[in-house]
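This is what each chain is made of:
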Amino acid sequence: MLQIIPPQTQMISIEDKIKRKIISQKDGTLLFPEDFNDIGSSEAVRLALHRLFKDSFITRIAQGIYVRPKNNSLIGGILPTAEEVAYGIAQRDRIKIVPTGIYALHALGISQQIPLKLTFLTDGAPREIQIGKQAIKLKRTTPKNLKAIGKISSLVIQALRSIGKGKVTHDEELKILELLQEESETNLKHDIKLAPVWIKKTMSKALNNDKN
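Residues numbered from 1 in each chain as written. Predicted model: local features only at pLDDT ≥ 70, side-chain atom pairs only at ≥ 80, totals over all residues. Heavy atoms only, no water.

Concerning helix α2 (residues 42-54)
Note the threshold: Runs of H or I in DSSP of at least four residues are treated as helices and runs of E of at least two as strands, each being numbered from the N terminus. Helix span is expected to be 1.5 Å times the residue number reduced by one. With a 1.4 Å probe rolled over the protein chains alone, any residue whose accessible area is under 20% of its type maximum counts as buried; one over 50% counts as exposed, and the rest are partly exposed. In this description, one arc is meant: the one made by directions from the helix axis to the C-beta atoms.
Compared with the 18 Å implied by 1.5 Å per residue over 13 residues, the 18 Å span of α2 between its first and last C-alpha is a close match. Those residues of α2 that fall on the buried side of the exposure criterion are A44, V45, A48, L49 and L52. Projected down its long axis, α2 carries its buried residues within an arc of 130 degrees, all on one side. Along α2, the residues that are exposed and aim more than 90 degrees away from the buried face are S42 and K54.

Below, the structure written as structure tokens:
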């Protein structure tokens, strides 16, 4: 005899499976509905995550993005940073992202200004996501702007673009050349070829150890 399982019972079963899967992961891991496609339909997963959020088992960071916060005995739950969320989205969507603008300057330590909007160049869909008081902005760009392979040198290219030609101070250039010394020579040589001529001239000084 065919047994018909009430929809409410099915939902409880999916919710329990999702809960067990979340518990098996490290606290602080970003959770997306797509992570649970093996458990149930997209609608069932969405409803189950919403219920777990309502029960305070997980925290919703933004639409469709959840986390089970790391716990600190002094300050309580620790949520992922906007930067961690941005790279989590990039990993989920299998897209490339490169920090740019004020965020690139801050990431290099050239600017102490903490940007309220973290702007990234991407080969994915353009969008803006609000994460608490900060926002993540993904700007569609050409493939050339995403070909840099060095973590530091790619940031330097975008930081110099943000400052502008002829506006880089002596102290900023010294800081940039100091940072580029930490980049591998192979990566630096590769990325210099991708930069505009005026940025190439600055970055090339790092290869010659020329800080004058």
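Focus: unusual backbone geometry
Even without glycine at this site, S56 takes up a positive phi of about 65 degrees. Structurally, the position occupied by S56 is in the loop between α2 and β2 (59-62). Overall, the relative accessible area of 64% leaves S56 in the exposed class. For R94, which is not glycine, the phi torsion reads 55 degrees and is therefore positive. Mapped onto the elements of the fold, R94 is located in the loop between α3 (82-93) and β6 (97-99). R94 sits in the exposed class, given a relative accessible area of 79%.

Re the side chain of T100
For the record, the criterion: Pairs of N or O atoms are called polar contacts if they sit within 3.5 Å, as long as, within protein, a hydrogen donor faces a hydrogen acceptor (for residues adjacent in sequence, only side-chain-to-side-chain pairs). Any pair of residues with heavy atoms lying within 4.5 Å of one another is described as a contacting pair.
Along the chain, the position of T100 falls in the loop between β6 and α4 (101-108). At 3.2 Å, the side chain of T100 forms a polar contact with the side chain of Q158. What T100 contacts, discounting residues up to four positions off in sequence, is T119, F120, L121 and Q158.

Structural notes on the packing of helix α7 (residues 185-192) against helix α8 (residues 197-207)
The condition that has to hold: An axis is simply a line fitted to the C-alpha atoms; with a helix, the fit covers only the stretch in contact. Between two such axes, the angle follows the N-to-C directions and lies from 0 to 180 degrees. We call two directions roughly parallel when the angle between them is under 35 degrees, roughly antiparallel when it is over 145, roughly perpendicular when it lies between 65 and 115, and oblique otherwise. Should the near helix be turned anticlockwise from the far one by less than a right angle, the crossing is termed left-handed; should it be turned clockwise, right-handed.
One way to put it is that α7 packs onto α8 with a least axis distance of 10 Å and a crossing angle of 160 degrees. Judged by the inter-axis angle, α7 sits roughly antiparallel to α8. Two packed elements cross with a definite hand, and for α7 against α8 that hand is left-handed. Residues E185, L188, K189 and I192 of α7 pack against K200, M203, S204, A206 and L207 of α8.

A look at the pattern of salt bridges
The test is simple: Each salt bridge in this description consists of a side-chain nitrogen of Lys or Arg and a carboxyl oxygen of Asp or Glu lying within 4 Å of one another.
Summed over the entire model, instances satisfying the criterion amount to 9 salt bridges. Here R127 makes a salt bridge to D93, at a shortest N to O gap of 3.0 Å. With a gap of 34 residues between them, R127 in strand β8 (residues 127-131) and D93 in helix α3 connect regions that are remote in the sequence. Judged by relative accessible area, R127 falls into the partly exposed class, the value being 25%. The partner of E128 in a salt bridge is K117, with the nearest N and O atoms 3.5 Å apart.

What about the packing of helix α6 (residues 170-180) against α8?
Rules: Note on residue categories: nonpolar means Ala, Val, Leu, Ile, Met, Phe, Trp, Tyr, Cys or Pro, charged means Asp, Glu, Lys or Arg, and polar means any other residue, Gly included.
Packing of α6 against α8 leaves a shortest axis separation of 9 Å and a crossing angle of 50 degrees. The angle between the axes of α6 and α8 places the two elements in the oblique class. Here α6 runs over α8; the crossing is right-handed. Of α8, the residues touching α6 (which contributes E173, L177 and L180) are T202, M203, K205 and A206. Residue composition of the contact of α6 with α8, by class: 4 nonpolar, 1 polar and 2 charged.

Quick notes on the packing of aromatic side chains
Formally: Here is the rule: rings of Phe, Tyr and Trp (six-membered ring for Trp) pair when centre to centre is within 6.5 Å. Planes less than 30 degrees apart are stacked, more than 60 are edge-to-face, and the remainder are tilted. When the NZ atom of lysine or the CZ atom of arginine is within 6 Å of a ring's centre and also within 35 degrees of its normal, the charge is said to sit over that ring.
Within the structure shown, the criterion is met by 3 aromatic pairs. A ring pair is formed by Y103 and F120, whose centres lie 5.1 Å apart and whose planes are at 65 degrees; its orientation type is edge-to-face. Of this pair, Y103 sits in helix α4 while F120 sits in strand β7 (residues 117-122); the two residues are 17 residues apart in sequence, bridging distant segments of the chain. Comparing Y103 with F120 shows no difference in burial state: the two are buried. An aromatic cluster is built from Y87, Y103 and F120, whose rings are joined through pairwise contacts. Lying across the ring of F57, K19 places its NZ or CZ 4.9 Å from the centre.

So, to be careful, I would describe these as geometric facts and stop short of saying anything about function.
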